[in-house]
Amino acid sequence: MRSLTLKIVSGLLATAAAVPSIALAQTTDDGNALTEIVVTARKMSESLQAVPESVSVISSAMIENAGITGVEDFSRFTPNVNINNGNSPTYSVLTARGITTPQGAEPPMALVVDGVQLSDLTFLNVDLINLERIEVLRGPQGSLYGRNAIAGAINITTAKPTNDLTGRVKLGYAKGDERLAQASIAGPVTEDSLYFSLSGSVRKSDGTYANDPANRLTAFPNPALNGYFPPVGTRRDANDLDSKSVRGALIQDNGGPLKIELRASYTDSRFGASANELVLGPADLNDERSHLATNLDLNQYRKLYEGSLKIDYDFDGIVLSSVSYRNRARQDLVGDGDFSTLPLLFQRTGMDIDAFSQELKLSSDQNDGFSWLVGGYFQDRKSLRSIFVPFESLPLPPLQDSLDHNRSKAFAFFGQTTADLGTAFQLTLGLRYDHDKRSSNDTGATAPAGNAISKSFNALQPKVSLKYDWDENFQSYVTVARGFRSGGFNAAASSQREYGQETNWSYELGFKGTFLERRLFLTGALYTIDLKNEQIYFITTNPPTQNLTNIARTTKTGLELEMTARPIPRLDVTLGIGTADGVIKSFAGQPAAD
């Protein structure tokens, strides 16, 4: 079986003189040439031109001028990376180079905000405010970020406060009577020493369609069935939205060896969740409008809590970094369970997450053509997946009552070094070991007895990259790296209780160059990925469960090309193209997990 995806992104951006930095680059004094961008996606400061990786960078000016406010927005400007929120922000699908996020599983990319690695995609899927830049690395980044970096990493950096007191207000209006209000303020508490930032966002929308039986275009093919579905509906907005969030930071940096960043955020949201729709005939199937008609509305509720402490101390060229991160998520979906106007089934599903992580890292300065870093990582993550499906009016036991308690205790050790070999070659070596012990125990009323299960998943993730600088403006590289995504457990009632860990070997050949007196920047990569036990999602109706399984062998091949050009001062043209061609080599339906 084969699948092919093609993604093209482009942009045309003109700026006024007051906004000198645009798209992927910043201007020089004369405004005619592109200058280097410094990125930190490899956990050190490096020139984008010098990084032997497939990296896309979205600057603060492009974020502002393109109206980027969320993860779906910036993925549109990144070849071979796509983020789709589906029917609500509580469920997102991130796909990179054809490797996707199965429902209920973890994303294929590491997610990092201000140096803090997030424990779940839901914590990234919030309104983004005061962004300095977004860096997207494609290809396995396991040697630095570990499990779930099987297809890359997303590194988001927010603007740091300075001695200048600054503030801004942003208002927006969109289809569906959507209103957006954002405000932020930042500045010094004590000049040259202690700084603060505070931001908030409120987003409301009436939605774009309603839960209304008038949406139904056709009747059932069998007329005898039509009388069983009463023409009732709540006629309320089906995909409305009410979301509020606040984010704050205190940063201590007096120019000395010690730097401390304390950050916290809170999000409270309610979403009208679009339910599955019954397709009654070809007219329904081929019509792009909603046909939603249920006797109960479907709503989702989400509360997110985050706090992090980042400490750096510079021991005269060797930096010790500590990152502590604590988060909680409370997510519930409540409403109609049979997706029709019949008073038949009700549903309430939930996902609660409590996680703590700690990272310690030592890194060197980048002197004399040699740099290194080593570190360790620990995460304790608890989650509760609940599914309750009772009958609305019939005095019968619930169709499903599941309370699946999951826990993951993971630790890792990692290191990476980069060394110049002569004047033109540069070698990067990386290695990481991940160990993840997982357990599951469903205590729900309909769960089978004795279903508790636990297992450990682990993998070594080496990486080798060789770069050749043809001159100061052009380089090519070749990279071989291994990626890893941990296995886990389906619901106790599932026909397949366990799914296996996913690993891959990725091979990449790329180049980067600046031309025409630094008015043109080009980057490109060819890649092929061999995957073992790729994780995919499937549904069973008897019993009704959502599950993951593995495809024994798959391959992904493709290319990426990106261009930034400045034909005239203060005008940048950007273009990106990415392809991903997937082939299933071996699939047994439900292979044994290993």
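Residues numbered from 1 in each chain as written. Predicted model: local features only at pLDDT ≥ 70, side-chain atom pairs only at ≥ 80, totals over all residues. Heavy atoms only, no water.

(A) Looking closely at the overall build of the chain. Secondary structure assignment for the chain yields 4 helices and 32 strands. Expressed as a percentage of its 594 residues, the buried residues of the chain come to 52%. Partitioning the intrachain contacts of the chain with sequence separation of at least 6 by distance along the chain shows that 67% fall at a separation of at least 24. When the accessible area of the chain is evaluated, it comes to approximately 26000 Å², of which 59% is carbon and sulfur surface. (Helix = DSSP H or I, 4+ residues; strand = E, 2+ residues; numbered from the N terminus. Buried < 20%, exposed > 50% of the residue type's maximum accessible area, 1.4 Å probe, protein only. Contact = heavy atoms within 4.5 Å. Areas by Shrake-Rupley, 256 points an atom, 1.4 Å probe, with all protein chains shown as cover.)

(B) Spotlight on the confidence of the model for the chain. Here the chain shows a mean pLDDT of 84. Residues at 70 or above account for 85%. Here strand 2 (residues 21–22) stands out as the least confident element of the chain, with mean pLDDT 30; strand 24 (residues 425–442) is the most confident, with 96. Confidence drops under a pLDDT of 50 for residues 13–29, and excluding neighbours within four residues, the segment shows 49 contacts in the predicted structure. (pLDDT = per-residue confidence, 0-100.)

(C) The packing of aromatic side chains, seen in detail. Enumeration over the complete set of coordinates arrives at 8 aromatic pairs. With 4.7 Å between their ring centres and 80° between their planes, tyrosine 468 and tryptophan 470 make a pair best called edge-to-face. For the ring pair phenylalanine 474 and phenylalanine 515, a centre distance of 6.2 Å and an interplane angle of 50° mean the geometry is tilted. On the criterion of sequence distance, the pair formed by phenylalanine 474 in strand 26 (residues 474–485) and phenylalanine 515 in strand 29 (residues 502–515) is long-range, its members being 41 residues apart. Relative accessible area serves as the criterion here: at 24%, phenylalanine 474 is assigned to the partly exposed category. Each member of the aromatic cluster is reached from another via a ring pair, and the members are Phe425, Tyr468 and Trp470. Across from the ring centre of tyrosine 527, 4.3 Å away, lies the NZ or CZ of arginine 97, which sits over that ring. The ring of tyrosine 305 is capped by arginine 328, whose NZ or CZ atom sits 5.4 Å from the centre of that ring. (Phe/Tyr/Trp six-rings, centres within 6.5 Å; stacked < 30°, edge-to-face > 60°. Lys NZ or Arg CZ within 6 Å of the ring centre and 35° of its normal.)

(D) A look at a nonpolar patch on the surface. Residues Leu258, Tyr313, Phe315, Ile318, Leu320, Leu362 and Val374 make up a contiguous nonpolar surface patch of about 540 Å² in total accessible area. Structurally, leucine 258 is set in strand 18 (residues 258–272). With a relative accessible area of 32%, leucine 258 lands in the partly exposed category. (Patch = residues over 30% accessible without salt bridge, like charges linked within 9 Å, V, L, I, M, F, W, Y side chains within 5 Å. Salt bridge = Lys/Arg side-chain N within 4 Å of Asp/Glu carboxyl O.)

(E) Just the nonpolar core, in detail. Ranked by size, the top nonpolar core spans 37 residues in total, and within it Phe74, Leu94, Met109, Leu124, Ile134, Ile154 and Ile156 carry the most contacts. The contacts of leucine 124, once residues within four sequence positions are left out, are Val71, Leu111, Val113, Leu118 and Ile156. In terms of nonpolar packing, the next biggest core, distinct from the first, is built from 10 residues, Val39, Leu48, Val51 and Leu137 among them. (Core = buried A, V, L, I, M, F, W, Y, C linked by side-chain atoms within 4.5 Å.)

(F) Spotlight on unusual backbone geometry. Despite not being glycine, aspartate 192 shows a phi value in the positive range, around 65°. Note on aspartate 192: relative accessible area 47%, which makes it partly exposed.

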